[in-house]
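Okay, here's what each chain looks like letter by letter:
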Amino acid sequence: AQTVTQSQPEMSVQEAETVTLSCTYDTSESDYYLFWYKQPPSRQMILVIRQEAYKQQNATENRFSVNFQKAAKSFSLKISDSQLGDAAMYFCAYRIHGSSNTGKLIFGQGTTLQVKP
Amino acid sequence: GAGVSQSPRYKVAKRGQDVALRCDPISGHVSLFWYQQALGQGPEFLTYFQNEAQLDKSGLPSDRFFAERPEGSVSTLKIQRTQQEDSAVYLCASSAWTGGSTDTQYFGPGTRLTVL
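What you see is a predicted model, and the numbers here were worked out from it, not measured in a lab.

Engineer: Is there a simple way to think about the pairing of strand β6 (residues 53–56) of chain B in this case?
Structural biologist: Consecutive residues of a regular strand have side chains that alternate between opposite faces of the sheet. All names here are of chain B. Sheet analysis places strand β5 (residues 44–50) next to β6, joined by 3 bridges and oriented antiparallel. Looking at the pairing, Phe49 lines up with Gln54 of β6. What sits between the antiparallel neighbours β5 and β6 is a turn of 2 residues, in which Asn51 has the positive phi angle 55°.

Here's what the structure looks like:
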């Protein structure tokens, strides 16, 4: 069974600084996707960034980037130049690739990020 | 619509009551997912629809949980004889995914169910 683990229940960062959120996962599949989702207090889950497992290049979206280490099954999220609006709960998620599966997401437990002014 | 909507946003039920939670996916989205999110936890998969077909219901915790999407758009999650352990936020997500592509699941705001 696939599992996703986020070992940092809470993190804090000073505004304008950089923070890294950790995620590890366990799977026997070779083809899959990894995601970071952001959930502000309003609870609307928003996709932050996505990584295809077959791509060696780390995904980047503006101030958000990932460090994808496939052999180590590690997928961390780096937020640069942190802003107050980045404060939220962040979830790492996994999905198997392929038309034979449903595309359901498997989520980690989440990391609450606090941004200090 | 502009996004996934869910109603009601908040629902309080007495133990033993039946509840129905509604999800309006993004127009034209083929896939629809229901997740259950306990307080302070990550969402957990409940069930999946591709159009009107329920292709995966492996995450439904008991036979008190039932979901339908009769016309392939709006979906309803029904919980019969609610128990306190059913208290959670129920999230709905939709995507254009029909298999193998990299499209995104878009989430609704959720329905917070409290069972007293």
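Engineer: Looking at this model, I keep getting lost on the pairing of strand β8 (residues 64–69) of chain A. Mind explaining?
Structural biologist: Residue and element names in this part refer to chain A. In this sheet, β8 lies alongside strand β7 (residues 60–61) in antiparallel orientation, the contact comprising 2 bridges. Across the sheet, residue Thr60 finds its bridge partner in β8, namely Ser65. Remark: 2 residues form the turn of the hairpin made by β7 and β8, two consecutive strands paired antiparallel; Asn62 in that turn has positive phi of roughly 55°. Summarising the sheet, β8 and strand β9 (residues 74–79) pair through 6 bridges and their orientation is antiparallel. The residue bridging Asn67 from the neighbouring strand is Ser76, located in β9. Taking the residues between adjacent antiparallel strands as the criterion, β8 and β9 are bridged by 4 residues, where Lys73 takes a positive phi near 55°.

Engineer: So what exactly am I meant to see when it comes to the layout of surface pockets here?
Structural biologist: In this approach a probe as big as a water molecule rolls over the atoms, and the regions it shows empty are the leftover space. The space that makes up the largest pocket amounts to roughly 160 Å³. Counting residues per element, the ones that place at least two in the lining of the largest pocket are β11 (106–107) of chain A together with β5 of chain B. Grouping the constituent residues of the lining of the largest pocket by class yields 5 nonpolar, 4 polar and 1 charged.

Engineer: Is there a simple way to think about the interface of chain A and chain B in this case?
Structural biologist: Interface size is often expressed as the accessible area that is lost when the parts come together. Each partner contributes to the interface: chain A provides 24 residues, whereas chain B provides 28 residues. Between chain A and chain B lies a buried interface of about 2000 Å² when both sides are counted; carbon and sulfur atoms form 51% of it. Considering only the side of chain A, the residues that lose the most area to chain B are A:Arg43, A:Thr102 and A:Lys104, jointly responsible for 29% of the buried surface there. Linking chain A to chain B there are 1 salt bridge. A:Lys104 is the salt-bridge partner of B:Asp56, the closest N and O atoms lying 4.0 Å from each other. Scanning the region where chain A abuts chain B turns up 6 residue pairs in polar contact (both at pLDDT 80 or more). Where the side of chain A that touches chain B is concerned, the elements lending two or more residues are β5 (32–39), β6 (46–52) and β10 (88–96) of chain A. Here the residues of the side of chain A that touches chain B sort into 8 nonpolar, 11 polar and 5 charged.

About the cut-offs
Residues numbered from 1 in each chain as written. Chains lettered and ligands numbered in written order. Predicted model: local features only at pLDDT ≥ 70, side-chain atom pairs only at ≥ 80, totals over all residues. Heavy atoms only, no water. Pairing = 2+ DSSP bridges. Helix = DSSP H or I, 4+ residues; strand = E, 2+ residues; numbered from the N terminus. 1 Å grid on protein atoms, 1.4 Å probe; cavity = no way out; pocket = protein on both sides within 12 Å on 5 of 7 lines; lining within 4 Å. Points joined across faces, edges and corners; volume = space filled by probe spheres on them. Nonpolar A, V, L, I, M, F, W, Y, C, P; charged D, E, K, R; others polar. Contact = heavy atoms within 4.5 Å. Buried area = accessible area lost by both parts, 1.4 Å probe. Salt bridge = Lys/Arg side-chain N within 4 Å of Asp/Glu carboxyl O. Polar contact = N/O pair within 3.5 Å; in protein donor to acceptor, adjacent residues only side chain to side chain.

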